[in-house]
Amino acid sequence: MRECIVLSHINIGCNIQNNQETEGKKMKGRQKKKRRISLFIFTITSVFIFFIPTGLTNEEITLGFKPNLGNIPPYQPTDPYPPDGATNLEIPVTLNVNVPDPDTDPMDVYFYNALDDSIIGTDTVPNGSTASCTWSGLAPNTIYRWYVVANDSEYENTSSIWSFTTESSYGSGGGSPPPVNQKPIAKVTGPDTGYVNEYISFSVQYSYDPDGDITGYRWDFNNDGLFDTDWIEDTLMTYTYFQPGNYSVKLQVKDDDDATSTDSYVITIIQQEPDQQSPVVQANGPYDGLVYENITFTGVGSFDPDGTIVNYTWDFGDGIIRYGIEIIHSYNISGIYNITLSVTDNYNLTSNNTTVANILIDSDGDGWSDEIEKSYGTNISDPNCQPLDSDSDGIPNNDSLDGNYTGDIDNDNDGLDDETEKIFGTDPNNEVDVIKLEIEEKTYYLINTNNDEQSDILYIPFTEENTIIKLIDGKLYLDTDNDSKWNYIYDPTTTQIMLYKPEEESIQLPLLFLIIIAIIVTIITFLFIRKHYEINRLIKQLSKLKKKQQIYKKRANKLRSTKRTNRKRASTYYHTKSRNSIIKTKIKSKIVSQKSDRKNHKKI
């Protein structure tokens, strides 16, 4: 009976182990099913999160764009004058050509001699119109061929080749040929000494042409017979020598009849001490002004890398020498003056820098030069008759009558050019309909397009795009990078610009989306809690089963031990009983023997 009990406990332990394996398999199946459900819910949630944000807020950002097609090449130049094949043209011949451009960009127009591709002249015209150039030095009764190249600073287009024939003699009525051209006078000026690796400035300000104009300069800085520059029009040239020595600087000039002359002078280049550095000089400029006008010349920006500057010397090009870092000077005669600033440091090392001052005549003292007034057709002797300048910035509103001056591209001085204002429908002469903003070193414009005292769009000039702005609580919300999100907040009252923070904006979610999001969050939370609860429950159940199994094992072992003990006791019992029986038999036998002996003794 005891053996049956032990086997029953052993079977119970086996059943518990089988139940544990079955329960583990069921748990894995449930976990796999829950993972599938969680993956499905995660996918649905991701879809909602991706597509819902555009409808999360009633403060929608609507963007407008200005088409940006890029720069379009200019059209081929047309309508030449003189017409192709024209004859009997009076010398010199003025060439004209129409240079249209679809972008209305300013055009640089180059006139070429088709015979040898040499350049005749250049002209710059605003917004693509008619360019002109005078072709001098032509021979009579000769066929000439020419063409032009129009360049809008990015693309260019070349015209067809046109021809014309000059008249048979000089002048429409014949007569003697024109006087012989006089050569130009070349004159180069510069410092007598300089230092190795120092910028040295040379000037051509005293060069001139007795009977015409100088059209070009070129330089040979060591007079080795090879010119170091092409023909240029700059009257100032900077050069650096890398070895000490005496160098002969050669200047060649040419006039409008291609006659040339040269001039040269010697400069000594010195090697300074290795541990000493020359001062760095900055004359700033160029400077512009009128006759008798006080002009401020400044050497601010000059410095000495290894010491201090002890002297500033100004040569104003009119025979006047002044000293100081900042000087006020005026000119009595109009012209272009080369100004040289020389500075000396505490090691007696000297550097110089040259710039120019363009001085114009102002006969009536109204602040406008006679040259500009003549171009605009105003009276140079009447201070009350001036070119129209709405914003008083010194630039007339319109182009000059003779085409020599370009008008102000920003008449109201609000920072936005007039052409762009016309595109947006604002008034180019009204500065209050455009607000200029500086945000992180970039310029933006708030534009009022309908004259209602409220800005409507934000214009981004460096991308040529515009975005719709939003007025909330008296403040303008701005999208500065065209990504459909607010970036900054502008307060028109205080003109303060603040960084936009999304949490500061009150977001009103539609009820349907709120419900959907709430349901999704609830499901995910429920599954998460249920998953962890189920796992903990199974872990506890498994722990209980293990404990029960251990108890059953202990009981089975105890029963086995009891069985062995009982068997031992039974064996001892039967052995003792048998021994006692033998002893009792012996005792009884002795008693019987003693009784027998007693009886026999009595008989005796």
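Please read all numbers here as calculations on a predicted model, not as lab measurements. (Residues numbered from 1 in each chain as written. Predicted model: local features only at pLDDT ≥ 70, side-chain atom pairs only at ≥ 80, totals over all residues. Heavy atoms only, no water.)

Peer 1: Describe the overall build of the protein chain, with residues and values.
Peer 2: The number of helices and strands found in the protein chain is four helices and 31 strands. Put simply, the protein chain has 604 residues, and 34% of those count as buried. For the protein chain, contacts bridging at least 24 residues in sequence account for 53% of all contacts bridging at least 6. In the structure as shown, the protein chain presents an accessible area of about 37,600 Å², 52% of it carried by carbon and sulfur atoms. (Helix = DSSP H or I, 4+ residues; strand = E, 2+ residues; numbered from the N terminus. Buried < 20%, exposed > 50% of the residue type's maximum accessible area, 1.4 Å probe, protein only. Contact = heavy atoms within 4.5 Å. Areas by Shrake-Rupley, 256 points an atom, 1.4 Å probe, with all protein chains shown as cover.)

Peer 1: Lay out the sheet that holds strand E30 (residues 488-491) in plain terms, naming residues and giving numbers.
Peer 2: Taken together, the four strands give an open sheet; going across it, the order is E28-E29-E30-E31, and neighbouring strands pair in antiparallel fashion. Since the sheet does not close on itself, it has two edges, and those belong to strand E28 (470-472) and strand E31 (496-499), each with one partner. Put simply, the sheet's adjacent strands are angled 30 degrees from each other on average, direction ignored. Here three bridges tie E28 to strand E29 (residues 475-478), and the two strands are oriented antiparallel to one another. Following the sheet pairing, Ile 472 is matched in E29 by Lys 475. (Pairing = 2+ DSSP bridges. Axes fitted to C-alpha atoms, helices over the stretch in contact; angles between N-to-C directions.)

Peer 1: Tell me about the packing of aromatic side chains, and name the residues and values.
Peer 2: Taken as a whole and assessed by the stated rule, the structure comprises 21 aromatic pairs. A centroid spacing of 4.3 Å and a plane angle of 25 degrees characterise the contact between Tyr 331 and Tyr 337, whose relative ring orientation is stacked. In this structure Tyr 337 comes out as buried when scored by relative accessible area, which is 12%. Note on Tyr 444 and Phe 462: the rings are 5.5 Å apart at their centroids and 75 degrees apart in plane angle, and the pair reads as edge-to-face. Of the two residues, Tyr 444 is situated in strand E25 (residues 442-447) and Phe 462 in the loop between strand E26 (457-460) and strand E27 (465-468); the sequence distance between them amounts to 18 residues. (Phe/Tyr/Trp six-rings, centres within 6.5 Å; stacked < 30°, edge-to-face > 60°.)

Peer 1: Let's hear about a nonpolar patch on the surface: which residues, and what values?
Peer 2: Among the surface-exposed residues, Ile 515, Ile 519 and Ile 523 lie close enough to one another that they form a single nonpolar patch of about 240 Å² accessible area. Positionally, Ile 523 belongs in helix H4 (residues 511-603). (Patch = residues over 30% accessible without salt bridge, like charges linked within 9 Å, V, L, I, M, F, W, Y side chains within 5 Å. Salt bridge = Lys/Arg side-chain N within 4 Å of Asp/Glu carboxyl O.)

Peer 1: For the side chain of Asp 366, give the residues involved together with the corresponding values.
Peer 2: Note that Asp 366 resides in the loop between strand E23 (350-360) and helix H2 (370-376). In this structure the side chain of Asp 366 is engaged in a polar contact, spanning 2.9 Å, whose partner is the backbone nitrogen of Trp 368. With residues up to four places along the chain from it excluded, the contact list for Asp 366 reads Glu 373, Asp 382, Pro 383, Cys 385 and Gln 386. (Polar contact = N/O pair within 3.5 Å; in protein donor to acceptor, adjacent residues only side chain to side chain.)

Peer 1: Which residues make up the sheet that holds strand E2 (residues 78-81), and what values do they have?
Peer 2: Judged by pairing direction, the sheet is antiparallel, and its three strands sit side by side in the order E2-E4-E7 without closing on themselves. Looking at which strands have only one partner, the edges of the open sheet turn out to be E2 and strand E7 (130-135). Across this sheet, the average inter-strand angle for adjacent strands is 15 degrees, counted without regard to direction. Direction of pairing for E2 relative to strand E4 (residues 93-98): antiparallel, over a ladder of two bridges. Opposite Thr 78, over in E4, you have Asn 98 as the bridge partner.

Peer 1: Lay out a negative patch on the surface with the relevant residues and their values.
Peer 2: A cluster of like negative charges, contributed by Asp 211, Asp 213, Asp 256, Asp 257 and Asp 258, occupies part of the molecular surface. A relative accessible area of 36% places Asp 257 in the partly exposed class. (Lys, Arg positive; Asp, Glu negative; His and termini not counted. Charge placed at Lys NZ, Arg CZ, Asp CG, Glu CD.)

Peer 1: Please provide a residue-by-residue account of the pattern of salt bridges, values included.
Peer 2: Two side chains that carry opposite charge are able to pair once their charged atoms sit near each other. By the definition in use, this model includes one salt bridge. The salt bridge involving Glu 438 is made with Lys 436; its shortest N-O contact spans 3.9 Å. On the accessibility criterion, Glu 438 (47% relative accessible area) is partly exposed. Looking at Lys 436, the relative accessible area reads 45%, which means it is partly exposed.

Peer 1: Could you give an account of unusual backbone geometry, naming the residues involved and the relevant values?
Peer 2: The step from Ile 91 to Pro 92 runs through a cis peptide bond, and the omega angle for that step is -5 degrees. Here Pro 92 lies in the loop between strand E3 (86-89) and E4. Cis peptide bonds are those with omega within 30 degrees of zero, and the linkage from Gly 285 to Pro 286 qualifies with 5 degrees. Tracing the backbone through its elements, the reader meets Pro 286 in the loop between strand E16 (260-270) and strand E17 (287-290). For Asp 79, which is not glycine, the phi torsion reads 50 degrees and is therefore positive. In this fold, Asp 79 is placed in strand E2. For Asp 79, a relative accessible area of 55% corresponds to the exposed category. For Asn 88, which is not glycine, the phi torsion reads 55 degrees and is therefore positive. Structurally, Asn 88 is set in strand E3. Classification of Asn 88 by relative accessible area gives exposed; the value is 55%.

Peer 1: Could you give an account of the confidence of the model for the protein chain, naming the residues involved and the relevant values?
Peer 2: When pLDDT is averaged across the protein chain, the result is 79; 83% of the residues are at 70 or more. Across the protein chain, the element-wise mean pLDDT spans from 38 in strand E1 (residues 63-64) up to 94 in strand E18 (residues 295-298). Across residues 1-14, where pLDDT falls below 50, the model places 14 contacts with residues more than four positions away in sequence or in other chains. A low-confidence stretch, residues 50-69 (pLDDT under 50), is modelled with 38 contacts involving residues beyond four sequence positions or located in other chains. (pLDDT = per-residue confidence, 0-100.)

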